[in-house]
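# Commentary on secondary and tertiary structure
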Amino acid sequence: MNTRSDDRCWNGLVAACRVFGLGTALALWGVGIEYAFYGYTFGVYFLIVAAVITFLEFVFLLNNLVELCVSRTSCFLRFWDYVLWLDDWKKGGLYFAIFSPPCFVRPAEAVLAVVTGCLLVTTGILYMLKTFKTRRDEENSSLEDNATYDRFEEEQEDLEEDIVNPSSPNNVNTITSLADQSEILDL
């Protein structure tokens, strides 16, 4: 595949992660409120998980705000670095392995819990797949940072001009002396 279609696929995956994450958070809020309203203690679990997932899903929006408003040396920024660290496969593992299994504990009593469990599993898998995009972007940025360059470029231009137009005291085209040749070699 070419890079343009690759970029579209990866951007689609990121969009799917965002949409499924926010949809999962909304579903968890709804199920948690409903179960808490009807007196199920399991509804409290859904509300806690909904609060955590809502925060984790809004991190990408809050990140710009934090970068603008918080100084680089504050303690909050250190905490924020830990929050940003919890992305991709870590977030996917959290959704897939920790938050979703309780949703399947008593499927007969909590039918909507199974639906939110499936949403959590799907969102977790999408975030795990997003890890490949992040690694690809990191490799591309490291390749751009290590771009080769010609460190002799400026000196080479001066050297070429001196060879084409050698400077002599009388502005007469003379054969360059041995001293001039060694000066050129020093450059």
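See the structure above.
Residues numbered from 1 in each chain as written. Predicted model: local features only at pLDDT ≥ 70, side-chain atom pairs only at ≥ 80, totals over all residues. Heavy atoms only, no water.

## Focus: the overall build of the chain
Here is the rule we go by: Starting at the N terminus, helices and strands are each numbered in turn, a helix being any DSSP run of H or I of at least four residues and a strand any DSSP run of E of at least two. Between two residues, a contact is recorded if the distance between any of their heavy atoms is within 4.5 Å. Method for areas: the Shrake-Rupley scheme with a 1.4 Å probe, in which residue coverage is limited to the protein chains shown.
A count of helices and strands for the chain gives eight helices and zero strands. Along the chain, helices (α) and strands (β) appear in the sequence α-α-α-α-α-α-α-α when read from the amino end. In the chain, the proportion of contacts linking residues at least 24 apart, taken out of those at least 6 apart, comes to 70%. Roughly 13200 Å² of accessible area belongs to the chain as shown, and the carbon and sulfur atoms make up 62% of that amount.

## Looking at the nonpolar core
Under the convention used in this document: What makes a nonpolar core is a set of buried Ala, Val, Leu, Ile, Met, Phe, Trp, Tyr and Cys residues whose side-chain atoms join them at distances within 4.5 Å. Burial classification: accessible surface area is computed with a 1.4 Å probe over protein chains only, and a residue below 20% of its type maximum counts as buried, one above 50% as exposed, and the rest as partly exposed.
By size, the foremost hydrophobic cluster in this structure holds 20 residues, and its most contacted members are Leu28, Tyr35, Phe46, Ile53, Tyr95, Phe99 and Leu120. Looking at this core, the elements that each hand over two or more residues are α1 (3-37), α2 (42-57), α5 (89-99) and α6 (111-145). When residues in this core are grouped by element, the largest group, six residues, is from α1. Sequence-distant contacts of Tyr35, defined by excluding residues within four places in its chain, comprise Tyr40, Gly43, Phe46, Glu109, Ala110, Val111, Leu112 and Ala113. Judged by nonpolar contacts, the second largest core, of five residues, contains Val66, Leu77, Trp80 and Val83.

## Quick notes on helix α4 (residues 75-85)
Using the following cut-off: This arc corresponds to the set of directions leading from the helix axis out to the C-beta atoms.
Among the residues making up α4, those that are buried are Leu77, Trp80 and Val83. Angular distribution of buried residues about the axis of α4 spans 105°; they occupy a single face of the element. Exposed positions of α4 whose direction lies more than 90 degrees from the buried face are Cys75, Arg78, Tyr82 and Trp85. Looking at the packing, one finds that the buried side of α4 touches α2 and α3 (59-69).

## Digging into the packing of α1 against α2
Note the following rule: Axes here mean lines fitted to C-alpha atoms, for a helix over just the part in contact, with angles spanning 0 to 180 degrees between N-to-C directions. Angles below 35 degrees are treated as roughly parallel, those above 145 as roughly antiparallel, those between 65 and 115 as roughly perpendicular, and all remaining angles as oblique. Take the far helix as your reference; a near helix turned counterclockwise from it by less than a right angle gives a left-handed crossing, and one turned clockwise gives a right-handed crossing. Three classes are used: nonpolar for Ala, Val, Leu, Ile, Met, Phe, Trp, Tyr, Cys and Pro, charged for Asp, Glu, Lys and Arg, and polar for all others, with Gly counted as polar.
The contact between α1 and α2 brings their axes to 8 Å, and the two run at 155°. Here α2 runs roughly antiparallel to α1, going by the angle between their axes. Helix-helix and strand crossings are classified by hand; for α1 and α2 the assignment is left-handed. On α2, the residues that touch Cys17, Arg18, Gly21, Leu22, Ala25, Leu28, Trp29, Val31, Gly32, Ile33, Tyr35 and Ala36 of α1 are Gly43, Phe46, Leu47, Val49, Ala50, Ala51, Ile53, Thr54 and Glu57. A class-by-class count of the residues in the contact of α1 with α2 yields 15 nonpolar, four polar and two charged.

## Here's the deal with the pattern of salt bridges
Any two side chains of opposite charge can pair if their charged atoms end up close together. Threshold: Counted as salt bridges are all cases of a side-chain nitrogen of Lys or Arg within 4 Å of a carboxyl oxygen of Asp or Glu.
Applying the stated rule across the entire model yields two salt bridges. A salt bridge links Lys91 to Asp87; the nearest nitrogen and oxygen atoms lie 3.8 Å apart. A residue is classified by how much of its surface remains accessible, and Lys91, at 4% relative accessible area, is buried. The salt bridge involving Lys130 is made with Asp87; its shortest N-O contact spans 3.4 Å. Placement of the pair is Lys130 in helix α6 and Asp87 in the loop between α4 and α5, with a sequence separation of 43 residues. Salt bridges here are not isolated pairs; linked through shared partners, they connect Asp87, Lys91 and Lys130.

## With respect to the environment of Val52
If you trace the backbone, Val52 turns up in helix α2. C-alpha separation for the pair Val52 and Ala25, spaced 27 residues apart in sequence, amounts to 8.7 Å.

## Some thoughts on α1
Side chains that are three or four residues apart share a direction in an α-helix, a result of its 3.6 residues per turn. Put simply, the rule reads: Here a helix's expected span is defined as the number of its residues, less one, multiplied by 1.5 Å.
Spanning 35 residues, α1 covers 50 Å between terminal C-alpha atoms, matching the ideal 51 Å at 1.5 Å per step. Two residues or fewer past α1, Gly39 is found with a positive phi of approximately 90°.

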